[in-house]
Amino acid sequence: MKIEQIYTGCIAQAAYYLESNGEAAIFDPLREVQPYIDKAAKDNAKIKYIFETHFHADFVSGHLDLAKKTGAQIVYGPTAAPEFDAVIATDNQEFKVGNYTIRAIHTPGHTLESTCYLLIDENNSIHGIITGDTLFIGDVGRPDLAQALTSELTQEVLASHLYDSLRNKIMVLPDDITVYPSHGAGSACGKNMSKETTDTLGNQKKTNYALRADMTKEEFTAELLDGLGAPPAYFPQNVLMNIKGYESLDTVLEKGVKPLTAQELEATANSTGAIVLDVRHENDFVKQHIPNSIFIGLHGGFAPWVGALIRDVNQPILLVTPEGKEEETVTRLARVGFDNTLGYLKGGIDAWTAAGFETESIRSISPEEFAEGFAKNPITVVDSRKPGEYSGGHVADALNIPLDFVNEQLAEVPKDGDYYLHCAGGYRSVIMASILKARGYHNMINVEKGFGGIKNTNVPVVTGQTSCSNS
């Protein structure tokens, strides 16, 4: 038997591949399923089951495409009601994969249907537990996602369920078993996840705040909800796609990986209302880009930022990509439900200018130039980092408008005179500048290398203060 974690860092998601005696199972697969099929073929194994821990909010699962291509059965836990064929397991129901037994353990809390899967070997010993979003390394799943779909399932109600599930279903298991969660640090499905992606249950009992033995349900709920920010807007839309179904990724790629001339891209944007999404490096975007295009670079937290800022997964999208990155971009958009890509600019920005179309740029300066200007005259500074980052250290008198909330806080953006915009390293500030430019704000000056560069200059930095952001 082998169990393999397949971790995708850009969305901080872990799928699992289990193989035993010629049979295989996939847990929480990503949208692109061919790698799982290839892995099973290499092992001369047949994929028998696709186990889903819950209806995911932060990505669209590959369960439907994988089932169609392999004939494997999709399995959900109790109370799940998908609009397609699936096995709805009862609590403690067992499934055989080769010599291994997979036992479904209903653990409501993150969502009502959330289910963990015990991995039991041929000697009836528990090897590990795939916990989905019920238990992370250092954290547990947020309990506030179901209310968008069912008003009675408040975060307090689900937090109460989660407390019981952790203590009655998981903490009673042997300390030496391995915890295999679905997410790691960077995911919006929790607030305090570790960079580690597996651990023993015993160590989690010692180190995870949510598993303290002496914790009351009231204390658990208070700590779990404290500091829990609003979930990204695309989460409920992804849940519905996972429940109702979606287009095959093959179809999405066929439509999205379509080369367009500059004239065709402009005409398509005008006729469909498509956003032009530029996914090149921020340094390239700053120098030259299509007017009103939005920058979200592939090399950063691409898909989560797309979901947080574009919001509607049905929004038509046209792409400006680095050469050869067209299919990767469409695939990564589809992972979070953005299936309406209509094509990409063939030849990139050079083709745009060769066709005689205008481009724009963003004024951008080095941290040293920023320091010189700061020393000479009072200047307005906008810090686009998260409130926690801001409170850990920021430029004196800087205004905190987190990128996450730029759409809600447009009224706070300075309208009179130039202002300097920065983030931590230079990625998020260019995203924010592109959004503001598309909305008619052109008075920002981007600070390259962000706060990481600024704090190495003589610009005065304040620490230990509360963010002035209203978010």
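Residues numbered from 1 in each chain as written. Predicted model: local features only at pLDDT ≥ 70, side-chain atom pairs only at ≥ 80, totals over all residues. Heavy atoms only, no water.

Draft legend 1. Looking closely at the nonpolar core. Leu277, Ile296, Ile431 and Leu436 are the most contacted members of the largest nonpolar core, which totals 78 residues. Counting residues in each nonpolar core, the second largest holds 24 residues, with Leu118, Met171, Leu173 and Ile177 among its members. (Core = buried A, V, L, I, M, F, W, Y, C linked by side-chain atoms within 4.5 Å. Buried < 20%, exposed > 50% of the residue type's maximum accessible area, 1.4 Å probe, protein only.)

Draft legend 2. Highlighting the sheet that holds strand E9 (residues 115-120). Pairing in this open sheet of six strands is mixed, and the strands run E7-E8-E9-E10-E11-E12 from one edge to the other. Where the open sheet ends on each side, the last strands, each with one partner, are strand E7 (94-97) and strand E12 (199-200). Relative to strand E10 (residues 126-132), E9 runs antiparallel, the two being bridged by four bridges. Each bridged residue has a counterpart across the sheet, and for Ile120 the counterpart in E10 is Ile126. (Pairing = 2+ DSSP bridges. Helix = DSSP H or I, 4+ residues; strand = E, 2+ residues; numbered from the N terminus.)

Draft legend 3. Highlighting the layout of surface pockets. Taken as a whole, the largest pocket spans an internal volume of roughly 1200 Å³. Gly186, Ala188, Pro232, Lys386 and Asp404 are the residues nearest the centre of the largest pocket, which is lined by 37 residues in total. The element that contributes the greatest number of residues to the lining of the largest pocket is helix H10 (residues 302-310), accounting for three residues. By volume, the second largest pocket is sized at about 280 Å³. If you trace the second largest pocket, you find 15 residues lining it, with Phe55, Glu113, Leu149, Thr150 and Ile243 closest to the centre. (1 Å grid on protein atoms, 1.4 Å probe; cavity = no way out; pocket = protein on both sides within 12 Å on 5 of 7 lines; lining within 4 Å. Points joined across faces, edges and corners; volume = space filled by probe spheres on them.)

Draft legend 4. The pairing of strand E2 (residues 13-20), seen in detail. Buried residues dominate E2, accounting for eight of its eight residues. Side chains of E2 alternate between two faces, with Gln13, Ala15, Tyr17 and Glu19 and Ala14, Tyr16, Leu18 and Ser20 buried alike. Strand direction decides the pairing type here: strand E1 (residues 2-8) and E2, joined by seven bridges, are antiparallel. Residue pairing for E2: Tyr7 is matched across the bridge by Ala14. The hairpin turn running from E2 into strand E3 (residues 23-27), its antiparallel successor, is two residues long, and Asn21 in that turn takes a positive phi close to 55°.

Draft legend 5. Looking closely at the sheet that holds strand E14 (residues 275-278). With parallel pairing, five strands are arranged side by side in an open sheet as E13-E17-E16-E14-E15. Of all the strands in the sheet, just strand E13 (259-260) and strand E15 (294-295) have a single pairing partner and so form its edges. In terms of strand pairing, E14 meets E15 through two bridges, oriented parallel. The residue bridging Leu277 from the neighbouring strand is Ile294, located in E15. Along the sheet, helix H11 (residues 326-335) makes contact with E14, strand E16 (317-320) and strand E17 (341-345), crossing E16 at roughly 140°. (Contact = heavy atoms within 4.5 Å. Axes fitted to C-alpha atoms, helices over the stretch in contact; angles between N-to-C directions.)

Draft legend 6. A look at the domain arrangement of the chain. Taken domain by domain, the chain holds domain 1 (2-237), domain 2 (247-355) and domain 3 (364-463). Summarising the inter-unit geometry, the C-alpha centres of domain 2 and domain 3 are found 26 Å apart. Contact with domain 2, which involves 17 residues of that partner, is made by 16 residues of domain 3. Buried surface at the junction of domain 2 and domain 3, summed over both partners, amounts to about 1300 Å²; 67% is from carbon and sulfur atoms. For domain 2, the biggest contributors to the area lost against domain 3 are Phe295, Trp305 and Leu309; these three give 41% of the whole. Glu408 is paired through a salt bridge with Arg311; the nearest N and O atoms lie 2.4 Å apart. (Domains from an automatic or database assignment. Buried area = accessible area lost by both parts, 1.4 Å probe. Salt bridge = Lys/Arg side-chain N within 4 Å of Asp/Glu carboxyl O.)

Draft legend 7. Quick look at empty space enclosed by the protein. Per the counting criterion, the structure on display carries one cavity of 30 Å³ or more. When its volume is computed, the largest cavity comes out at roughly 30 Å³. Here the element with the most residues in the lining of the largest cavity is helix H15 (residues 427-438); it accounts for three residues. Classifying every residue of the lining of the largest cavity by side-chain character gives four nonpolar, four polar and one charged. Two domains each donate at least three residues to the lining of the largest cavity, and these are domain 2 (247-355) and domain 3 (364-463). (Nonpolar A, V, L, I, M, F, W, Y, C, P; charged D, E, K, R; others polar.)

Draft legend 8. Region of interest: the confidence of the model for the chain. In this model, the chain carries a mean pLDDT of 94, and residues with pLDDT of at least 70 account for 98%. This stretch, residues 466-471, has a pLDDT under 50; its non-local contacts, to residues over four places away or in other chains, come to 18 contacts. (pLDDT = per-residue confidence, 0-100.)

Draft legend 9. Up close: the UniProt feature "domain: Rhodanese" (unreviewed entry) in the chain. What UniProt calls "domain: Rhodanese" (unreviewed entry) maps, in this numbering, to residues 270-361 and 375-463. Annotated as 27% helix and 20% strand, the span residues 375-463 places its first and last C-alpha atoms 19 Å apart. (UniProt positions renumbered as here; feature names shortened; annotations may be inferred.)

Draft legend 10. Spatial organisation of the pattern of salt bridges. For the coordinates displayed, the defined rule picks out 24 salt bridges. A salt bridge links Lys39 to Glu4, with the nearest nitrogen and oxygen atoms 3.1 Å apart. Of the two residues, Lys39 sits in helix H1 (residues 34-42) while Glu4 sits in strand E1, which places them 35 residues apart along the sequence. The class of Lys39 is partly exposed, set by a relative accessible area of 23%. Notably, a salt bridge pairs Asp250 with Lys69, separated by 3.1 Å at the nearest N-O pair. Highlighted residues: Asp250 in helix H7 (residues 249-256) and Lys69 in helix H2 (residues 63-70), separated in sequence by 181 residues. A relative accessible area of 41% places Asp250 in the partly exposed class.

Draft legend 11. Seen up close, the pairing of E10. The buried fraction of E10 is high, at five of seven residues. The hairpin formed by E9 and E10 contains five residues between the paired strands, and Asn124 there has a positive phi angle of roughly 65°. For E10 and strand E11 (residues 178-181), the ladder comprises four bridges, and the chain directions are parallel. Across the sheet, Ile129 pairs through a bridge with Val179, a residue of E11.

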